[in-house]
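Secondary and tertiary structure notes
What follows is each chain in one-letter form.
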Amino acid sequence: MLSHVDKNNNPTMVDVSSKDVTERSAYASAKVRLPNAIVSIVDNDEILTKKGPVFHTAIIAGTIAAKRTHELIPFCHPLGLEACKISISFIDSSLIKIDCHVRIHHKTGVEMEALTGASVAALTIYDMCKAISKEIIIGPIQLESKSGGKSDYQAK
């Protein structure tokens, strides 16, 4: 049975009232492939555009998005995140990896918060660089790991 559907097949928020508070964490990543027009303006692991520093802005946007996931995804519980750390690094000269680590002590997990943080950081890079080139490729975006709650998960 799906957790967001009740016995009458109607959408519903999961009732977490009987669950125990435990430490829960999640790590999600997103990759962004940059075309040569953007790679050529990378300076000291940052892209400066008329809109400002791209990676610094993406980190801020991703953090805000992770904190507001419940406003974007139906039935996500509003959570006061205890930690959200987003980092952006180059895998090679044109491939960026965004890592989003989220942690909380709560009755529900934070996978959606980590995925939302990584996704919005990637979308922010696209938005800030699209005037230079629209040949930016986002993906994959994936859950790398989660711990706490009913089960742990580690991507293969």
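Scroll up for the structure.
Notes on the structure follow. (Residues numbered from 1 in each chain as written. Predicted model: local features only at pLDDT ≥ 70, side-chain atom pairs only at ≥ 80, totals over all residues. Heavy atoms only, no water.)

What to know about the overall build of the protein chain
A count of helical and extended segments in the protein chain gives four helices and eight strands. Along its sequence from the N terminus, the protein chain presents helices and strands in the succession β-α-β-β-β-α-α-β-β-α-β-β. Expressed along its principal axes, the backbone C-alpha trace of the protein chain runs to roughly 55 × 30 × 30 Å. With 156 residues in all, the protein chain has 40% of them scored as buried. Contacts in the protein chain between residues at least 24 apart in sequence constitute 68% of all its contacts with a sequence separation of at least 6. (Helix = DSSP H or I, 4+ residues; strand = E, 2+ residues; numbered from the N terminus. Buried < 20%, exposed > 50% of the residue type's maximum accessible area, 1.4 Å probe, protein only. Contact = heavy atoms within 4.5 Å.)

A closer look at the pairing of strand 7 (residues 137-147)
Summarising the sheet, strand 1 (residues 22-33) and strand 7 pair through eight bridges and their orientation is antiparallel. Within the sheet, the bridge partner assigned to Ala30 lies in strand 7 and is Ile141. As defined by bridge partners, strand 7 adjoins strand 8 (residues 153-154) across two bridges and the pair is classed as antiparallel. Residue pairing in the sheet places Ser145 in a bridge with Gln154 of strand 8. Linking two consecutive strands that pair antiparallel, namely strand 7 and strand 8, is a turn of five residues; a positive phi of about 95° is found at Gly148 within it. (Pairing = 2+ DSSP bridges.)

Thoughts on the pattern of salt bridges
Pairs can form between side chains of opposite charge whenever their charged atoms are close. Applying the stated criterion to the full structure yields six salt bridges. Here Glu23 ties to Arg103 by a salt bridge, and the two come within 3.6 Å at their closest N and O atoms. Remark: Arg103 occurs in strand 6 (residues 95-106) and Glu23 occurs in strand 1; sequence separation between them is 80 residues. Classification of Arg103 as partly exposed rests on a relative accessible area of 37%. Among the charged side chains, a network of salt bridges with common partners joins Lys51, Asp127 and Lys130. (Salt bridge = Lys/Arg side-chain N within 4 Å of Asp/Glu carboxyl O.)

A word on the sheet that holds strand 1
In space, the five strands of this open sheet follow the order 5-6-1-7-8, with antiparallel pairing throughout. Bordering the open sheet on either side are strand 5 (83-90) and strand 8, each of which pairs with just one other strand. Contacting strand 5 and strand 6, helix 2 (residues 54-67) runs over the sheet at an angle of about 150° to strand 5. Against the sheet, helix 4 (residues 111-129) contacts strand 1, strand 5, strand 6 and strand 7, and its axis sits at roughly 25° relative to strand 1. (Axes fitted to C-alpha atoms, helices over the stretch in contact; angles between N-to-C directions.)

Comments concerning the sheet that holds strand 4 (residues 52-53)
Pairing in this open sheet of three strands is antiparallel, and the strands run 2-3-4 from one edge to the other. Only two strands of the sheet have a single neighbouring strand rather than two, namely strand 2 (42-43) and strand 4. Two strands pair when backbone bridges link them, and strand 2 and strand 3 (residues 46-49) are joined in this way by two bridges, in the antiparallel orientation. Within strand 3, the residue paired with Val42 across the bridge is Ile47. Sheet strands in contact with helix 2 are strand 3 and strand 4, and its direction is about 100° off that of strand 3.

Geometric descriptors of this kind do not, in isolation, establish any biological role.
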